[in-house]
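Descriptive structure summary
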Amino acid sequence: MSTATLFIDGAWRSASDGGAHDIHSPHDQSVVATVSQASQDDVLDAISAARVSFDSGVFTSWSFKERSALVSKIADLLERDADLIARKESDDTGKRFIEAQYDIADVISTFRHFAALGAKEHGRSVDVGIAHVTSRIVHEPLGVASLIGPWNYPLLQIAWKVAPALVAGCSFIVKPSELTPQSAIALIKIIDEAGTPKGVANLILGPGSVVGASLISDPRVDLVSFTGGLATGQTIMKAAATNIKKLALELGGKNPHIIFADADIDTAIDNAVTAAFLHSGQVCSAGTRLIVERSIHDRVVKEIVRRAGDISLGGPDDELAETGPLISKAHLMNVSTYVERGIAEGATLLVGGHRSDKPEHANGWYYLPTVFDNCNTTMFCVQEESFGPVMTIEIFDTEAQAIAIGNDTIFGLSGGVWSGDNEKAARVANALRHGTIWINDFGPYRPAAEWGGYKQSGIGRELGEHGLGEYLEIKHIWTNNAPSRSGWFRDNK
């Protein structure tokens, strides 16, 4: 791939200082791409391009229906190139190609959702009780947005930001993870091909430590939408305070997955394995905190351990693989340290707990599915997110205990409840302080339903109707059609 992979003001270019870096497959460390690494000058140029394009009205002058038609065209082009983009994402992340195909299908669904949403009527009239006054609420583009994505679902998380930004009429700068940039590059090429005006969509590549500061602190940026870790989210909040930027933050979770004794146990176990070990646990909504009623604990744990031990690991094109590697050596070391700390604080390791020692995994970052029993909410491994294939198991005796344990976390992104008693399941779901709760299921989402967290899992919502609202300003326009003197103050003339 050419290193002219920055897109600024309608043109592809290399980094101004010649910076570039290789992208390595987590599966075998092969080089899958070489891309530009932006300099600070490049970042400032991208912000300038976005600001100029927004202030010029070149895109804000389009109607909602016109912008929605553009987003629908982008969805069509994504569908045309779906397998090519899935391959790039599979190369970057090491995830199975079939998983990447599912992810790109979700990307297309996201663009179609926002295209349909944007085509609806926006704004409303307000009856103020005065016959000669017209009062209107209108929705206008918010401004320039920095859209910063993670490495685990690289294009999907960017799509959740780009699609509503385009429908709203914002100009923006996309900054994907430096580990997984190829699918974002492909998306920007499609956005350009679809006829998006010059300067509206810009792409910056590189690590946040190099390019992130200006994207979150520059006063010409009106909104920062970020998906990633809590510490970075806290940094963004502090930087945004200097000029009161709008923020949309999705900062991960430590998600409770509660199984009552009256549930369909075998089905619950099957879903629990998927919830914890899909994509090797590198999922913000992973159900890695299994909370089990005492009377079924032994049965559930025995089967979870058996199933976890049987999971087949492998690379993107391994047809027998069920999940893949961790994203990097650094992340593998973090997960290893996390597991060591869990053992040290008294959790009982039942399976896994180390890097795969199979010869075919020697060059990749493969970590075995891991299960800890005898856990409680005082433990680091229960409270902190590993973002790896590590499940902890806790026990409860009563419904109230299950709720208390499930809410005993600083996070609040998602959770699951399994029970054959619909009323009990609904009570527990209502009591859990998390942004998405699944009952007798775990993991599915749809673009029409809002996504986001309570507490330190973030601010704002993506998807749904509110996902578009994050990129809009709301204005009230009052028109007096029969103006008259107010008469409030005496006129002594």
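Our subject is the structure listed above.
The structure reproduced in this document is the subject of the present report.

Conventions and cut-offs
- Residues numbered from 1 in each chain as written.
- Predicted model: local features only at pLDDT ≥ 70, side-chain atom pairs only at ≥ 80, totals over all residues.
- Heavy atoms only, no water.
- Core = buried A, V, L, I, M, F, W, Y, C linked by side-chain atoms within 4.5 Å.
- Buried < 20%, exposed > 50% of the residue type's maximum accessible area, 1.4 Å probe, protein only.
- Contact = heavy atoms within 4.5 Å.
- Disulfide = S-S within 2.5 Å.
- Axes fitted to C-alpha atoms, helices over the stretch in contact; angles between N-to-C directions.
- Helix = DSSP H or I, 4+ residues; strand = E, 2+ residues; numbered from the N terminus.
- Parallel < 35°, antiparallel > 145°, perpendicular 65-115°, else oblique.
- Left-handed = near helix turned anticlockwise from the far one by under 90°.
- Nonpolar A, V, L, I, M, F, W, Y, C, P; charged D, E, K, R; others polar.
- Pairing = 2+ DSSP bridges.

1. Re the nonpolar core
Core analysis: the biggest nonpolar cluster contains 99 residues, and I74, L78, F111, V162, L166, F172 and L187 have the highest contact counts within it. Look past the residues within four positions of L166 in its chain and what remains in contact with it is F59, R67, V71, I74, F111, F172, I191, T196 and V200. In this structure, V292, V300, V301 and V305 belong to the second largest nonpolar core, which totals 25 residues.

2. Here's the deal with the state of the cysteines
For the coordinates displayed, the defined rule picks out zero disulfides. Residue C381 stays outside any disulfide, its sulfur separated by 4.4 Å from that of C375, the closest cysteine.

3. Details of the packing of helix α13 (residues 399-407) against helix α14 (residues 422-431)
Where α13 contacts α14, the axes come no closer than 10 Å and their chain directions differ by 30°. Comparing the axis directions of α13 and α14 gives the class roughly parallel. Like other packed secondary-structure pairs, α13 and α14 cross with a definite hand, here right-handed. Counted together, E399, I403 and N407 of α13 and K424, R427, V428 and A431 of α14 form the full contact between these two elements. Among the residues making up the contact of α13 with α14, the classes are represented as three nonpolar, one polar and three charged.

4. A few points about the sheet that holds strand β14 (residues 348-351)
Read from one edge to the other, the open sheet built from seven strands follows the order β14-β15-β16-β13-β12-β17-β18, with strand pairing classed as mixed. If you trace the sheet from one side to the other, it starts and ends with β14 and β18 (436-439), each paired once. Neighbour-to-neighbour, the strand axes of this sheet turn through a mean angle of 20°, independent of strand direction. Sheet topology note: the strand β12 (residues 256-259)/strand β13 (residues 289-293) ladder contains four bridges and is parallel. Following the sheet pairing, I258 is matched in β13 by I291. Sitting on the sheet, helix α9 (residues 265-277) touches β12, β13, β15 (370-373), β16 (390-396) and β17 (414-418), and the angle it makes with β12 is about 170°.

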